[in-house]
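Here is what each chain is made of, one letter per residue.
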Amino acid sequence: DSERDVEEVDKAEELLRRRRHRRLAKPKFLCWTVGSKGIATGLFTAVFVALLLFFAALFQWAEADAETARNIEFVDLMRRVKKQLDSELYAELLDNIGADDVRGTEKFVSFANGGWQSFTAQSYFSSYYYSFTLATTIGYGEIVTYTPAGKILTMICILIALPFAVITYTRVADLLSSMTMKLLLKQSQEFKAVLKKYDTDQSGTLDHDELKLGFKDLGMPLSDEDIKGLLKEFDEDGNGVLDVDEFATVATRLDVDAGKVARRALKLRFAIAVTLVFLVFFAIVAAYILAIDGLDAVYFTVVTLTTVGLGDITPTPVARAPLTIPIFIALGLVALVIGSLTERIEMGKEDHEESNESDESDESEEPPPTKPIGTPRHSDREIAPRSSQSIDLEAA
């Protein structure tokens, strides 16, 4: 029984050790410093924007001629209708239609010099905006394709650009979060006290042995190879030790609970606070650009950033391109909040499982047998049966 208990305890300790090291089991490319991570995020963003611009050019090619033909038919129709109605009734009709009887629609073309032209600044940015709404799944519906080529391109754009959009705006939000969390940790007095505690030689930096001691004290005992890997990843100046900035990067990237600084709770609170502030800012900008009241601005913000995109309130042609930037940032912040909340829930489940496993291991240890009350004193020691030889000796 004792051997079995020892084996169960060893298994429980091994399980806890694996869970503590799970955060270090991430691929190397996820353990970037803020600097290299920023470069990678910038590259992803550049590729994503280039992809949208490429599809915008394809949409111009596929839809411009068809939209020009529809505009010519529409303008001719409205000219004939105008002759049949009085001016007030005709103005009311135009107001309900929501289209200009001279310019027509300007989605993939723009009206200039008495005709419709493609690949102008306005038409190109409008096509870019259409690609953006496809990639972010907002899809207001005020811009759609009619030609078979345009519909095929729409499907291809969704399948290719959507994954890029999700990866890019989550990377942008995570980069902003990492930079801010690093700054907050550096300013934390508890974090500075932890750094000072493990800096045994008072050099202001942490070397190999100090890091090993510190991580062991923080509940993450690491091997020499793990410590060498950390130094290789996070020692930006290559001097073989980690300074305050580099150690803050380690604590941010590996979710180290340094000095009982609840980094995850801080990250979640920060994400929620920044997102709410930005949503208010976005609503104010939308109210100003789209000339709508406060309720409609909040309504537009919620519908847009949840990617519902009902289409009853949509950006004007002039506001389409500028609004893509705050929309992109806001979507990243919303993704950051959801990710932080999910991470907090998962870690709470792991802590709960570890607590249950610890309780089970404690219960598996059998307590020593207790003596019933009233047991005679001679029963406190084991009385062995006497052999026949001992009886003969006593008789003699």
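Procedures and definitions
- Residues numbered from 1 in each chain as written.
- Predicted model: local features only at pLDDT ≥ 70, side-chain atom pairs only at ≥ 80, totals over all residues.
- Heavy atoms only, no water.
- Helix = DSSP H or I, 4+ residues; strand = E, 2+ residues; numbered from the N terminus.
- Buried < 20%, exposed > 50% of the residue type's maximum accessible area, 1.4 Å probe, protein only.
- Expected span 1.5 Å × (residues − 1).
- Patch = residues over 30% accessible without salt bridge, like charges linked within 9 Å, V, L, I, M, F, W, Y side chains within 5 Å.
- Areas by Shrake-Rupley, 256 points an atom, 1.4 Å probe, with all protein chains shown as cover.
- Salt bridge = Lys/Arg side-chain N within 4 Å of Asp/Glu carboxyl O.

(A) Summary view of the overall build of the protein chain. A tally of regular secondary structure across the protein chain gives 13 helices and two strands. The buried share among the 396 residues of the protein chain stands at 38%.

(B) View of helix 4 (residues 121–135). Under the 1.5 Å per step criterion, the end-to-end length of helix 4 is 21 Å for 15 residues, consistent within 8% with the ideal 21 Å. For helix 4, the buried fraction is high: 11 of the 15 residues fall into the buried class. Looking only at helix 4, the buried set comprises Ser-123, Ser-126, Ser-127, Tyr-128, Tyr-129, Tyr-130, Ser-131, Phe-132, Thr-133, Leu-134 and Ala-135. With its phi angle positive at about 60°, Thr-137 sits one or two positions after the end of helix 4.

(C) Local environment of a nonpolar patch on the surface. The grouping of Ile-152, Met-155, Ile-156, Leu-159 and Ile-160 at the surface amounts to a nonpolar patch, some 490 Å² of accessible area in total. Within the fold, Leu-159 resides in helix 5 (residues 148–187). When its relative accessible area of 67% is taken as the criterion, Leu-159 is described as exposed.

(D) Spatial organisation of the environment of Arg-269. For Arg-269, the position within the fold is in helix 10 (residues 263–290). For the pair Arg-269 and Val-337, spaced 68 residues apart in the sequence, the C-alpha separation amounts to 8.8 Å.

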